[in-house]
Every structure is written in C-alpha cells, then in structure tokens.
Amino acid sequence: MKYGLFLGCNTPAIRPDVERAIRVSMPKLDVELIDLEGYVCCPAFGTFPSTDEEAYLSVSGWNLSLAEKKGLDLLVECGSCYSSLSMGREHITHDEKKKARVNELLAPTGRTVEGKSKVRHITDVLYNEIGCEKITKTIGKQLDGLHAVIQYPCHTLFPHELVGFDSPPARPHILGNLVEALGAKVDHFSCEYTCCGGAGGFHRSSAIEAKTFAQRKLDAIKQETKAEIVVVSCITCLMHLDNVQKELNEGNGNYDLAVFDYNQLLALCMGFDPQQVASICAIPRDKIIARFS
Amino acid sequence: MPPNPLAQANHDLWKEVDESGELRYCFNCSTCISGCPASEANPPLLIRNLARMVILGLEDELLEEDTPWTCVTCSRCEEMCPQDVKPFELCLAIRRWQSQNDETRIPPSIVEIYHRGYTQAVEKNTEQRKSLGLPEKLPVLTEYPEELKKFQEMLMKNEVIKENDYMFKSGE
Ligand code: SF4
Ligand code: SF4
C-alpha cells in the first residue's frame, strides 16, 4: 500500500513528534508514505475558501494534481486538511464548469486535475485497509488495563456523504475500535460525540466561552469515566484539548488528562523512542510513557 | 414612523451570496443552531438568522456580522439540516461575500500562503525536526522557487487578489 503523505502545516511546524510517529508507525503496517514535492496549504477554511471560490479550488487542485501525477491517493491526519481537500475534490469532480476553470488556472503551471486521487483519513486507512487484527498482531496488546476516551474528529464525520467512513455518522466507533486493538479499554461518556471546539475563530474570538465549552467535556470525562488519556486523530483536536487544560489550570482548573494522537500510541506500542514520537505536550504524559520503559 | 429596513432591502442579495439558491428552502427550524459549538460564542453564531438576513436582503447588517468567522467548520449543521440548505457552505459563502465587498474582511492568512504556500512557518523549525529524527526540510513549495512563482501567478489571476494586489506586493 502506498499513499501520498499530506501533512498540512500544524503537524510539521508545531507538533512534528506526530509526524515522526506517523512516518515510523505506518511502514511497520506495510504502508509506504511518499512525500509530495511542492505541496501547499490545503487550503484551510479560514483562508481562500473564505475569500474566493476559484482561488480555493485552484489551490485544492494544485495539491490534488501532485498526488494524481504520482497515481497516489492522499493520506491525511489533520481534520481540516482532510475536509477541505475532500470538499475541494468534490467541487472539482462533480461540477464540469468548475473543473474546466480550475484546469484553465492550473494549465500555465504545467498541472492538470481530474479528481482521480482520493483523499483518505489516516483512521479510515488504519481501520478499513489495515484492520484491527493486523494492528494487534503487529504490536501485541500493550495498553492492557489503560482506560481511554476518544475525541472523534468532526471533519471526518460530517457531512457524511462527502467525508464520512464511520457509521452511524453521529455515533462513530472506528477510532474507539482502533484504540481497543492496542489493548486499552475505551470508556464512554455523555459528551463523547461533541466537537473539541478548537478550530476556526471560536476560541480566538470568545476565549471564555470556548474554554467553558471544552471544560464541559473534560468534566464529563473526569466524572463519568476512569480515563487517563484522551485519544484523537486530528492535529487541531490534539493541540486544543491539550492546551485548553493548561489554560484552565492557570485559572482554578485541575486537569491532567494526557492527550495522544492515535499514531503516537501506535508508535509507542511498537517500541519507538518516546522522545521522538510523543514528547511535545502541555499536559505531562510521563505516567503513560513510563508503561513503555 | 421608523424607517422600514425591508423596504430598502436588496432583494437579490441571495444571488450575490450563493447563486445555487439552496438557502431559500430554509424554514427556520434552528436545527443548525442546536448542535453548533459556535452558537455558544459571544456574540453567538446563529446560522439560521444569517440565512434569514440573506433572504430578506439585509445587506448592511450582513456586512457588519462578525459571527460567520467564529464557525469552527465542524459541518454538524450541514449534516443535520432537514432542508439541505448546506448551512456551513452558506457560512463560507457569507465570508466570501463580505471579503468581496469589504477588503478589511480579507483574511491576512492568504497573504502568507501567497508568499510561502503556508500559514505556519513549516520551513523554519529545522532544529526541532532534526532532534526528532525527521528530515530537517520538507519538500514544501518554498524549496522550489520556480514553482512558487507559478503558484503566485496562478493566484494573481483571481479577482479578489488582483483587485487587492497591494496587500500581496508589500512584504516582497
Ligand atoms: S437547519 Fe436548515 S432549514 Fe433549519 S434553520 Fe438551519 S438552515 Fe434553515
Ligand atoms: S459548521 Fe460552523 S455553523 Fe455549522 S455547526 Fe459547525 S460551527 Fe456551527
């Protein structure tokens, strides 16, 4: 299995330990990752999609054309990148007028786009192409006894016709099953399927309200579960749920839930160096990391 | 008598915002608000009200609205809307309409993307990357100056960018 790796910007710039985790764990599961030369912003929803549709689709087309030229589907972890690229691709493949215009804009750059390359989320590939059985066989049930909760990335759920691979879309289970494949026990709670609240302008424009929004989820986890960790598979969910606990603790909060990207846990279970695959965080992960020494 | 804003409304506003006209099927049920994280923002994002504003043609009010920019892009509203109005797409369409009618709405992040392909400085944190055993450099656009130039020329063909090209030239 081969995929074009689309990292986006937050992962390589702010949380490159997640990039390392992805780059070392996927080949162990027989997935080859190919870098795409000259890729750009997905583009994020707050950029060209909020300014001009043609500019949006030409930038999506630029990225898609790189994968298409190599005959590869794209593999994406970041929820926003996954959703923006999927929606961009949808416009280009299902609207002949838009496709023609995008190709007209791409032509002088020596590129074309048909929409042949699909956009795949990393949890979709892990679950549907690799499978839980193979994951368990590769690593053994290393997380035995650890309680976890899941943050499902909204961008991989809605609108399900366009981005979805889990079902039912509003009651997803795939990331939970992947975590169970590592031996952890997944606890359920009342705010399990709500958004993390980290993307877009909510947290920037309404810091107090956005913190309260996140606090509701964190309190539910504390009161209703035995979870020691939160598992995500989206760089925004990861950074936000980690950083917001620190922000709340600077007030009178007392939150200590370690937050992991799925591939970080996977890489740890495979025996990779915690310093390289899971060292950047706001809430300490030492207690969990100690399990692997 | 206070002036009646509806009498002076721009009845073609919906066409300017979204030609598809999907939003005319909105029947104000509020489903889009009930699951919306940004409906808890201050002031709240009430996508139903924005749809109403567009349909009624209240363009001055729409231009003033900051709330579309608090959307977290989760697409819950898109999933749940019983009338297939595509409220999230509407939210983006309103931002585009604002950007096209008021240059101060244009997100500065597009200028960064124009200059380096990205908003985050992907090409700069080489030390940290090295310490994690990663290749110091990624094959991002800035590594290929010729391609970067083509990328910029492609973007410059775009109306909004062309009309506001001063934003993109400064800093070069
Ligand atoms: S859910 Fe759809 S129909 Fe209901 S108010 Fe929102 S946009 Fe209108
Ligand atoms: S996509 Fe935006 S408007 Fe729709 S529910 Fe999510 S935050 Fe609210």
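Residues numbered from 1 in each chain as written. Chains lettered and ligands numbered in written order. Predicted model: local features only at pLDDT ≥ 70, side-chain atom pairs only at ≥ 80, totals over all residues. Heavy atoms only, no water.

A. The arrangement of the site of ligand 1 in detail. The immediate surroundings of ligand 1 are formed by 13 residues, with B:Cys26, B:Cys29, B:Ser30, B:Cys32 and B:Cys81 found nearest. Taken together, the residues of the shell around ligand 1 sort by class into 8 nonpolar, 4 polar and 1 charged. (Near = heavy atom within 4 Å. Nonpolar A, V, L, I, M, F, W, Y, C, P; charged D, E, K, R; others polar.)

B. Molecular detail of the domain arrangement of chain A. Residue and element names in this part refer to chain A. Its domain assignment divides chain A into domain 1 (2-121) and domain 2 (132-292). For domain 1 and domain 2, the distance between their C-alpha centroids amounts to 25 Å. In this complex, domain 1 contributes 27 residues to the contact, which on the side of domain 2 involves 32 residues. Carbon and sulfur atoms make up 66% of the area that domain 1 and domain 2 hide from each other, which totals about 2,500 Å². Taken as a group, Arg15, Asp17 and Leu29 account for 26% of the area that domain 1 buries against domain 2, more than any other trio of residues on that side. Taken together, the connections running from domain 1 to domain 2 amount to 3 salt bridges. Asp242 serves as the salt-bridge partner of Arg15, at 2.9 Å between the closest nitrogen and oxygen. Here domain 1 and domain 2 share 12 residue pairs in polar contact (both at pLDDT 80 or more) between them. (Domains from an automatic or database assignment. Contact = heavy atoms within 4.5 Å. Buried area = accessible area lost by both parts, 1.4 Å probe. Salt bridge = Lys/Arg side-chain N within 4 Å of Asp/Glu carboxyl O. Polar contact = N/O pair within 3.5 Å; in protein donor to acceptor, adjacent residues only side chain to side chain.)

C. View of unusual backbone geometry. That bond from A:Phe158 to A:Pro159 is cis: its omega, -15°, falls within 30 degrees of zero. Relative to the helices and strands, A:Pro159 resides in the loop between β5 (147-150) and α8 (160-163). For the bond running from B:Asn42 to B:Pro43, omega is -5°, close enough to zero to count as cis. Here B:Pro43 shows up in the loop between α2 (31-34) and α3 (47-56). Notably, B:Asn28 is not glycine yet its phi reads approximately 65°, a positive angle. Here B:Asn28 shows up in the loop between α1 (13-17) and α2. B:Asn28 gets classed as partly exposed once you look at its relative accessible area, which sits at 33%. Positive phi values are uncommon outside glycine, yet B:Ser30 reaches one of about 80°. (Helix = DSSP H or I, 4+ residues; strand = E, 2+ residues; numbered from the N terminus. Buried < 20%, exposed > 50% of the residue type's maximum accessible area, 1.4 Å probe, protein only.)

D. Expanded view of the environment of A:Ala44. Relative to the elements of secondary structure, A:Ala44 occurs in the loop between β2 (32-35) and α3 (53-69). Separated by 210 residues in the primary sequence, A:Ala44 and A:Asn254 place their C-alpha atoms 33 Å from one another.

E. Looking closely at the sheet that holds strand β3 (residues 73-76) of chain A. Residues and elements named next belong to chain A. Pairing in this open sheet of 4 strands is parallel, and the strands run β2-β1-β3-β4 from one edge to the other. Strand pairing shows two members of the sheet lacking a second neighbour, β2 and β4 (119-121), which therefore form its edges. On average, adjacent strands in this sheet sit at an angle of 45° to one another, irrespective of strand direction. Where β3 lies against β4, 3 bridges are found, and the strand directions are parallel. Bridging across to β4, Leu75 finds its partner in Arg120. The sheet contacts of helix α2 (residues 16-28) involve β1 (2-6), β2 and β3, and relative to β2 the element is tilted by about 135°. (Pairing = 2+ DSSP bridges. Axes fitted to C-alpha atoms, helices over the stretch in contact; angles between N-to-C directions.)

F. Region of interest: a negative patch on the surface. Residue and element names in this part refer to chain B. Judged by side-chain charge, Glu16, Glu59, Asp60, Glu61 and Glu64 come together as a negatively charged surface patch. Top element by residues in the negative patch is helix α4 (residues 59-64). It accounts for 4 residues. Turning to its location among the elements, Glu59 is positioned in helix α4. (Patch = residues over 30% accessible without salt bridge, like charges linked within 9 Å, V, L, I, M, F, W, Y side chains within 5 Å. Areas by Shrake-Rupley, 256 points an atom, 1.4 Å probe, with all protein chains shown as cover. Lys, Arg positive; Asp, Glu negative; His and termini not counted. Charge placed at Lys NZ, Arg CZ, Asp CG, Glu CD.)

G. Expanded view of the side chain of A:Thr109. When you line up the elements, A:Thr109 lands in the loop between α5 (96-106) and β4. Polar side-chain contacts of A:Thr109 include one of 2.6 Å to the backbone oxygen of A:Leu106. Not counting chain neighbours up to four residues away, the residues in contact with A:Thr109 comprise A:Trp62, B:Lys150 and B:Met154.

H. Geometry of the packing of helix α11 (residues 207-224) of chain A against helix α12 (residues 235-250) of chain A. Residue and element names in this part refer to chain A. Taken N-terminus to C-terminus, the directions of α11 and α12 make an angle of 100°; their axes are 10 Å apart at the nearest point. In terms of axis orientation, α11 runs roughly perpendicular to α12. Along its contact with α11, which presents Lys211, Ala214, Gln215 and Leu218, the element α12 presents His240, Val244, Gln245, Glu247 and Leu248. The residue makeup of the contact of α11 with α12, split by class, is 4 nonpolar, 3 polar and 2 charged. (Parallel < 35°, antiparallel > 145°, perpendicular 65-115°, else oblique.)

I. Quick look at the interface of chain A and chain B. Between chain A and chain B, the residue contacts involve 65 residues of the former and 55 residues of the latter. For the chain A and chain B pair, buried surface summed over both sides reaches about 5,000 Å², with 62% attributable to carbon and sulfur atoms. Among the residues chain A hides against chain B, the three largest losses belong to A:Phe48, A:Thr51 and A:Phe158. Together they make up 12% of the total. Counting every contact that joins chain A to chain B gives 3 salt bridges. We note a salt bridge from B:Glu40 to A:Arg216, for which the minimum N-O separation is 2.5 Å. Contributions of two or more residues to the side of chain A that touches chain B are made by α1 (10-14), α2, α3, α4 (79-94), α5, α10 (202-205), α11 and α14 (274-277) of chain A. Per-element accounting of the side of chain A that touches chain B gives the leading share, 6 residues, to α3(A).

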